[in-house]
2 protein chains.
Amino acid sequence: MFICQYSEGSWKLPKITKYEPFEVDPSLRVFHYGQAVFEGMKAYKDEEGRTWMFRPMENIKRFNISSKRLDIPSFPEDVFLSALEKLIALEKDWIQKGEGNALYIRPFVIATDNNIMANSSSAYKFMIICSPVQSYYSGSIKVKIEQHYSRSANGGYGYAKASGNYAGQFYPTKIAIEEGFQQIIWTDSEQHEYLEEAGTMNIFFRIHNTLITSPTSDRILDGITRNSIIALAKQKGIKAEERAIKLQEILEAHHKGTLKEIFGTGTAATITPVSTFGYQSNTYDLQEQQDSYANMFKQLITDIQYNRAEDSFGWRYLVK
Amino acid sequence: MFICQYSEGSWKLPKITKYEPFEVDPSLRVFHYGQAVFEGMKAYKDEEGRTWMFRPMENIKRFNISSKRLDIPSFPEDVFLSALEKLIALEKDWIQKGEGNALYIRPFVIATDNNIMANSSSAYKFMIICSPVQSYYSGSIKVKIEQHYSRSANGGYGYAKASGNYAGQFYPTKIAIEEGFQQIIWTDSEQHEYLEEAGTMNIFFRIHNTLITSPTSDRILDGITRNSIIALAKQKGIKAEERAIKLQEILEAHHKGTLKEIFGTGTAATITPVSTFGYQSNTYDLQEQQDSYANMFKQLITDIQYNRAEDSFGWRYLVK
Ligand SMILES: Cc1ncc(COP(=O)(O)O)c(C=O)c1O
Ligand SMILES: Cc1ncc(COP(=O)(O)O)c(C=O)c1O
C-alpha cells in the first residue's frame, strides 16, 4: 500500500509499505465528523500481459475536487499518478487476464487529528490500497425509483466521492432489497420528480434510439464511465442527451413502448443493464433488445480498457 | 473509556479500559463509507460535589434514531445508561465545580468491517470517551445566513447525529470565517428561504416577546437544549412557536426593530447569543436587550444542570 501523511500545512514524504494495520486514537477526527474522500479505479491486463489504467487523471482530478468540498488539502497530481504507477507495477502479477478481471484500486484520504473539535482536521492520511477483482455485478438488476429518501441536496456534497454520501444510502437500499430490488435510482430531494443516479452508478435511459442521462450537478457524481459512454455514443453517431429526466417521461415512454433500455455505468461493473424498475407499488419490465446499447457500449469500452481496440480518445495509460 | 463490539448479529461483552489507541485495517468500513454516529453530552458537578447528567435518556434515544437511519444496529438503552454512569463515576474527579465546567461525554459508533464493499458493515465498535471541558464559546457570535451551500436534504439524514453531516459543513464554514463570521445559519436546500439551524446549534429568534424556532424535520437535529428551552419558555409564560421561519420575516422584523434577539442552543455552549447576522453582502446588528431571553434561559437551564434550582421537569440524573 501507498501512504502519505499531511501535517503542519504540507504532505510529508510518501512511502510504499506492505499492507498492514495502523494505530488510531478513539478521537480520530474522521470517526466523528466524516472528513474522508475516496476514489475507485481499475487496472486491466491485455493479452500480451501489459497492464493499463483507464483515464487515471480523471480520477485524480475528481479526488481533488471532492477533497476541496470536504476541506481536505489537495494531493499533488504528479505524486498521485506516480504512486499509482509504482503500486500497480508492484501488484500487477495479481491481475488475471481476461474480461472482468482487474486490479481494483482504492485511493482515499482520512482526517487524522486526535481531538473531537468540530472543524477541519490539521492532519490527514492519504493511502492507496488495491486488490484483484472480478466483475462486480453479473447480469441485469432490478432497481427501485426512490420516492421518500434522498441521496443529496442542492448545495450539498453529492458530487463529491465522500464517505458521507454512501452511509446515507445503506438504510434506504436495505429497504429496497427487502422489497426485491438490488439498487435504488435516486430522485431529486424536492419533488422526487427527476431521475438522477444510482448508489454507485450513473444512469442512462434509451428512448427510441436516443440516450438520455441526467446532467451532472451539485447532487450527482461526474462519473468517468458516464463521460466515456457519452463520448463513444457521439463517435458512433448515437444521440446522447444530458438533460433533466422526468420520471413521468420514462413512465410514458415505457407505456408507449419507446423506452428500450435503462443501464447504469460505473467503474465497478462498467455497464449494468436494468431488467425491471419499480415505482410506487408497480414494477415495469424491460425487454432485452437485439441491438442492445448496453451490450454494445460494454464491448466498446472494455475493448479499449483491455487493449483490444484502437484508443482514439487516448484513454488508456500503460503502466510500465 | 467504554468499549463494546458488535459482530455476528449481536453486541458482545462491554468493557471499561484505560484510554488507549487501537489497531485498524486500511479497509476499515467507516473510512470509506462513513457509517458512524455520535452523541455529545455533559456531566455537571454541584456545590456539594455530586455529579449530574442532563436528560441522558434523550441522548440515548437520539443515538439509536441516528443509528437506524445509518443502518447501524441499535445499542441497548440500559447498557448505554449504565455505561455512562460507570464511566462518569470513574472520571468524576476530573470535573471542576462551577459554571461552564463539565465533563464532555462522547459516545460514538463506527463501522469496522475490513473490506470496502459498499454496503452496511456487519461489525461495529461502540465507544464512549470523555474529557473535562470549560464553556465552549464565550460571548456572542456573528453568523452568516448561507445562500449557496446546504447542510442536508429532505429525505436525507440531517436529523441524525451522523459524521457525514459535519464533514460537509467545514468548507462552507471556512468561507464564512474568512468573511468575518464564526458560524453559519443553514437555510433550506431548495430556495434558501427558510432559516433552519446552525452547525452544532439549533436557532431561536425573538420577535417582540415571542420565541420562534424551526420545527424539527428530516433536515434538522432535534436538539435536547432546544426542546428544554421550549419547555422552560412555556413554564415561564413566554410564547414559543415551532414553525418555518422565512428569512424575509426576520429581515423585516429587523428593519422594524421588532427582532430583539437571535440565539443558538446546544450542549456545547448551552446558549450562544448572536450579535450580528450576515445576509448577502449586508450585516445586521442586534442590540443587547436588558431583559435578554438568552441570558434568562441560560440561567434557568444551567441552574437545573448544576443543581442550583428545583428540577420540576425531572431532567437531572444523579450519578452515584
Ligand atoms: C455515486 C456514484 N455515482 C456514479 C459512479 C460511477 O462513476 P465512475 O464511472 O467514475 O466509476 C460512482 C462510482 O464510481 C458513484 O459512487
Ligand atoms: C447539527 C446540530 N444541531 C443542534 C445541536 C444541538 O443539540 P443538543 O441541544 O441536543 O446538544 C447539535 C449538537 O449537539 C448539532 O450537532
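Owing to the predicted nature of the structure, the values given are computational and were not obtained by experimental measurement.

With that out of the way, let us pick up the site of ligand 1. All names here are of chain A. With respect to spatial proximity, 16 residues lie near ligand 1, and among them Tyr-166, Glu-197, Ile-224, Thr-225 and Thr-267 are the closest. Between an oxygen atom of ligand 1 and a main-chain N or O atom of Ile-224, the distance comes to 2.7 Å. Within the contact set of ligand 1, an oxygen atom lies 2.5 Å away from a side-chain nitrogen or oxygen of Thr-225. Residue assignment for the shell around ligand 1 shows that the elements contributing at least two residues are α5 (224-235) and β16 (259-266).

Residue and element names in this part refer to chain B. In the neighbourhood of ligand 2, 16 residues make up the surrounding shell, with Tyr-166, Glu-197, Ile-224, Thr-225 and Thr-267 lying closest. Within the side chain of Glu-197, an N or O atom sits 2.5 Å from a nitrogen atom of ligand 2. Note that an oxygen atom of ligand 2 is positioned 2.6 Å from one of the side-chain N or O atoms of Thr-225. For ligand 2, the accessible surface in isolation is 380 Å², of which the surrounding protein chains cover 97%. Breaking the shell around ligand 2 down by element, the ones donating at least two residues are α5 (224-235) and β16 (259-266).

Okay, the environment of Thr-200 of chain A next. Here Thr-200 of chain A lies in the loop between β12 (195-198) and β13 (202-207). Sequence separation between Thr-200 of chain A and Thr-267 of chain A is 67 residues; the distance between their C-alpha atoms is 8.8 Å.

One pass over the full model with this rule turns up 49 aromatic pairs over all chains. Between the aromatic rings of Phe-75 of chain A and Phe-126 of chain A, the centroid separation amounts to 3.8 Å while the plane-to-plane angle is 5°, which identifies the pairing as stacked. Taken together, the residues span a long stretch of sequence, with Phe-75 of chain A in the loop between α2 (56-69) and α3 (77-91) and Phe-126 of chain A in strand β9 (residues 124-133) at a distance of 51 residues. Note on accessibility: Phe-75 of chain A and Phe-126 of chain A belong to one class, buried. Note on Tyr-149 of chain B and Tyr-171 of chain B: the rings are 6.0 Å apart at their centroids and 80° apart in plane angle, and the pair reads as edge-to-face. With Tyr-149 of chain B in the loop between β10 (141-145) and α4 (163-178) and Tyr-171 of chain B in helix α4, this residue pair connects regions lying 22 residues apart in the sequence. Neither Tyr-149 of chain B nor Tyr-171 of chain B differs from the other in exposure class; each is buried. Taken together, the ring pairs connect Phe-2, Tyr-6, Trp-11, Phe-63, Phe-75, Phe-80, Tyr-124 and Phe-126 of chain A into an aromatic cluster.

Here the focus is the UniProt feature "modified residue: N6-(pyridoxal phosphate)lysine" (unreviewed entry) in chain A. All names here are of chain A. In this numbering, the UniProt entry assigns the feature "modified residue: N6-(pyridoxal phosphate)lysine" (unreviewed entry) to Lys-161. Within the secondary structure, Lys-161 sits in the loop between β10 (141-145) and α4 (164-178). Its relative accessible area of 12% is what places Lys-161 among the buried residues. Beyond its immediate sequence surroundings of up to four residues, Lys-161 is in contact with Val-37, Phe-38, Glu-39, Gly-40, Arg-62, Ser-66, Tyr-166 and Leu-221.

The next thing to look at is the interface of chain A and chain B. Reports often express the size of an interface as the amount of accessible area lost when the parts come together. Counting from both sides, the interface comprises 55 residues of chain A and, opposite them, 55 residues of chain B. Both sides of the chain A and chain B interface together cover about 4,700 Å² of buried area, and 62% of this is carbon and sulfur. Inspection of the region where chain A meets chain B yields 2 salt bridges. Its salt-bridge partner being Lys-174 of chain A, residue Asp-71 of chain B comes within 2.8 Å of it at the nearest N-O pair. Seen at the junction of chain A and chain B, the total is 22 residue pairs in polar contact (both at pLDDT 80 or more). Elements with a minimum of two residues in the side of chain A that touches chain B: β4 (22-24), α1 (29-33), β5 (36-38), α2, β8 (102-111), β9 and α4 of chain A. Partitioned by chemical class, the residues of the side of chain A that touches chain B number 29 nonpolar, 17 polar and 9 charged. Inspection of the sheet shows β4 of chain A paired to strand β4 (residues 22-24) of chain B by 3 bridges, in the antiparallel sense. Across the sheet, residue Glu-23 of chain A finds its bridge partner in β4 of chain B, namely Glu-23 of chain B.

For Gln-280 of chain A, which is not a glycine, the phi torsion comes out positive at approximately 50°. Looking at the secondary structure, you find Gln-280 of chain A in the loop between β17 (270-279) and β18 (282-285).

Here the focus is the relation of the copies chain A and chain B. With an RMSD of 0.0 Å, the operation that places chain A on chain B is a rotation of 180° combined with a shift of 0.0 Å along the axis. These values place the two chain copies in the arrangement generated by a two-fold rotation axis. Interface overlap between copies is the fraction of interface residues in one copy that are interface residues in the other; for chain A against chain B it reaches 100%, indicating a shared surface.

Turning next to the environment of Gly-223 of chain B. All names here are of chain B. Relative to the helices and strands, Gly-223 resides in the loop between β14 (210-213) and α5. As for Gly-223 and Met-201, which are separated by 22 residues in sequence, their C-alpha atoms are 7.6 Å apart. Residues contacting Gly-223, with those up to four places away along its chain left out, are Arg-62 and Asn-202.

Procedures and definitions
- Residues numbered from 1 in each chain as written.
- Chains lettered and ligands numbered in written order.
- Predicted model: local features only at pLDDT ≥ 70, side-chain atom pairs only at ≥ 80, totals over all residues.
- Heavy atoms only, no water.
- Near = heavy atom within 4 Å.
- Polar contact = N/O pair within 3.5 Å; in protein donor to acceptor, adjacent residues only side chain to side chain.
- Helix = DSSP H or I, 4+ residues; strand = E, 2+ residues; numbered from the N terminus.
- Areas by Shrake-Rupley, 256 points an atom, 1.4 Å probe, with all protein chains shown as cover.
- Phe/Tyr/Trp six-rings, centres within 6.5 Å; stacked < 30°, edge-to-face > 60°.
- Buried < 20%, exposed > 50% of the residue type's maximum accessible area, 1.4 Å probe, protein only.
- UniProt positions renumbered as here; feature names shortened; annotations may be inferred.
- Contact = heavy atoms within 4.5 Å.
- Buried area = accessible area lost by both parts, 1.4 Å probe.
- Salt bridge = Lys/Arg side-chain N within 4 Å of Asp/Glu carboxyl O.
- Nonpolar A, V, L, I, M, F, W, Y, C, P; charged D, E, K, R; others polar.
- Pairing = 2+ DSSP bridges.
- Least-squares fit on C-alpha atoms with pLDDT ≥ 70 in both.

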